Amino acid sequence: MKRSLLIIAIVFSMFSLAIANGAAEVPVYAYGDSDPNNARAFVSMPTSGSCNKNWEFEFTVEAQIAQWVKWNISGTKWTWFVRKPGTYFTDCIGFTLYSNGDIAIDFDGFASPSYATGTSVNPYIDAWYAFGDKSEDVAFGTWYSPSELNDQTALFPDSEELHYGWGTKLWSKIKVVECNSASTYRDTGKITLTLKNQKPWLDDNGYYLNNLEQFVTDER
Amino acid sequence: MNRFLVILVLAAIGVLGFAQGTVRSLDVWEITESGSVVQLDENTGNARAYASMSAEGSCNKKVWTLQFTTEVQVAQWAEWSISATKWTWFVRKPGDYYADAIQFSLKSNGDVQLSASGFNDLEYATSGGVNRYIETYYYLTTDASNTPPSTSVWVRASEVNGSLVVEDSAALHEGMTAHLWNRIHVVECNSASTYRDTGIITLTLMNQKPWINTDDGSWGNTIDYVTQER
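Residues numbered from 1 in each chain as written. Chains lettered and ligands numbered in written order. Predicted model: local features only at pLDDT ≥ 70, side-chain atom pairs only at ≥ 80, totals over all residues. Heavy atoms only, no water.

This brings us to the pairing of strand β11 (residues 133–141) of chain B. Residues and elements named next belong to chain B. As judged from the two bridges shared by strand β10 (residues 122–124) and β11, these two strands associate in the antiparallel manner. Its bridge partner being in β11, E123 is matched across the sheet by Y133. Note that β11 and strand β14 (residues 176–186) share seven bridges and pair antiparallel. The partner of Y138 across the bridge, within β14, is N182. Where β11 lies against strand β12 (residues 155–156), two bridges are found, and the strand directions are antiparallel. By the bridge assignment for β12, Y138 is matched with V155. (Pairing = 2+ DSSP bridges. Helix = DSSP H or I, 4+ residues; strand = E, 2+ residues; numbered from the N terminus.)

Residues and elements named next belong to chain B. An order of β13-β9-β16 is seen for the three strands of this open sheet, with the pairing classed as antiparallel. Every other strand in the sheet has two partners, leaving β13 (162–166) and β16 (200–205) as the edge strands with one partner each. Adjacent strand axes in the sheet meet at a mean angle of 20 degrees, parallel and antiparallel pairs treated alike. Relative to β13, strand β9 (residues 112–117) is paired through five bridges, and the arrangement is antiparallel. Counterpart to A116 in the pairing with β13 is G162. (Axes fitted to C-alpha atoms, helices over the stretch in contact; angles between N-to-C directions.)

A separate point is unusual backbone geometry. Here the phi dihedral of M45 of chain A falls at roughly 55 degrees; this positive angle occurs in a residue that is not glycine. Owing to a relative accessible area of 22%, M45 of chain A belongs among the partly exposed residues under this scheme. Despite not being glycine, M53 of chain B shows a phi value in the positive range, around 60 degrees. Take M53 of chain B: it is sitting in the loop between β4 (47–52) and β5 (55–59). (Buried < 20%, exposed > 50% of the residue type's maximum accessible area, 1.4 Å probe, protein only.)

For chain B, the assigned domains read domain 1 (1–75 + 222–230) and domain 2 (78–205). On a C-alpha basis, the centroid separation for the pair domain 1 of chain B and domain 2 of chain B is 51 Å. (Domains from an automatic or database assignment.)

Contact residues are listed per partner, giving 67 residues for chain B and 66 residues for chain A. Buried surface at the junction of chain B and chain A, summed over both partners, amounts to about 6100 Å²; 56% is from carbon and sulfur atoms. It is W29, F68 and T70 of chain B that lose the most area in chain B upon contact with chain A, and together they represent 14% of the buried surface on that side. Joining chain B to chain A, the criterion identifies four salt bridges. Of the charged contacts, one joins R186 of chain A and E71 of chain B as a salt bridge, the two residues approaching to 2.7 Å between their closest N and O atoms. Here chain B is connected to chain A by 49 residue pairs in polar contact (both at pLDDT 80 or more). When residues of the side of chain B that touches chain A are traced back to their parent elements, those giving at least two are β1 (24–26), β2 (28–31), β4, β5, β6 (63–74) and α3 (170–174) of chain B. Looking at the side of chain B that touches chain A, the element that brings in the most residues is β6 of chain B, giving 12 residues. Here the residues of the side of chain B that touches chain A are counted per class, giving 29 nonpolar, 25 polar and 13 charged. (Contact = heavy atoms within 4.5 Å. Buried area = accessible area lost by both parts, 1.4 Å probe. Salt bridge = Lys/Arg side-chain N within 4 Å of Asp/Glu carboxyl O. Polar contact = N/O pair within 3.5 Å; in protein donor to acceptor, adjacent residues only side chain to side chain. Nonpolar A, V, L, I, M, F, W, Y, C, P; charged D, E, K, R; others polar.)

Next comes the structure, spelled out in structure tokens:
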């Protein structure tokens, strides 16, 4: 009995809030290249009065901005062709990231490239990764082994630089030894970008939730 | 319906945000054994690298995952040496003689086929001669102790012709050494003169990559061998 009363009370209070809120979606228009589908607007908290006094009432504009990201990477695969053993590193793959909030980048599944078919005297090629702009800085800088890379989480805090585009270059180093038989060696890892400040009214794919009006509040 | 399918596929690609992009040739540096860094020339260097399969995304999706691949295609290399390619005998009287070995070393990172052709008994170099041939034998061994071979191990010159494959192994990567012995049987019927035979040994790298010009080991058109395999 008590539980039923409690549920009824909660439902009633929510209904009351919705009514009080009075949120109604209104059309959105856009200037220039702006896409009106990227914004939705609601009006709420209507008020009224009827008598001969002087009236004053608050008026609020609230914009809830979702986190967006724009990124590009000039390649997601390095293909090396090696004629003879040696330690080599290569010019970079460029990565550019724009966002308006914290971004975390995780690395997973990176390993030494391994013999793609059959067996080899040494089926692995040692590989490392580095971040940087110039070869002279990178050559003797910090190189991450695949396992070290997997342990890395790069956090990019919200900053002006991030809003206007932060870029780096990825470098690849391999050490081919005499025990590596002639063949193809390959490894594929995963890089995950996570938007850390995403709004709760977007789903995981960046689409509006159906009940967007529930995120219209009475806060001034 | 077909149009709908095409739109659906394009939309899926758009949502994923992945684009194949072009294949770009990259600069490559080598860190030498002495620790110095040398930028490699595209034609003379021993490594080339390409970047491909670019990707991009732009929307509010919370988590983005992209695959990232490093692929190394290693060509077959061979490093070999032979301490001599000619035996010259000086024989004063008939007899059955054999000589200390010629040393042959081979390193490689794949199967190597060794073929011999044109080996025969030594033949009188000019016209004439009562017996124009000198029986010739060879013996190939990995025994480096320089122990004189027994009489049963020798292979007649004509039977040397053929091929054998030295299979990829740790020993081959580190370098194998063989010793080749030579035996001649000079008989009384062999007239005084010069007898000679020249054979050909051919080394074939059996696991060579298709982007190597097999004639001279120079670079082929590597960019054609950049694939989309992950």
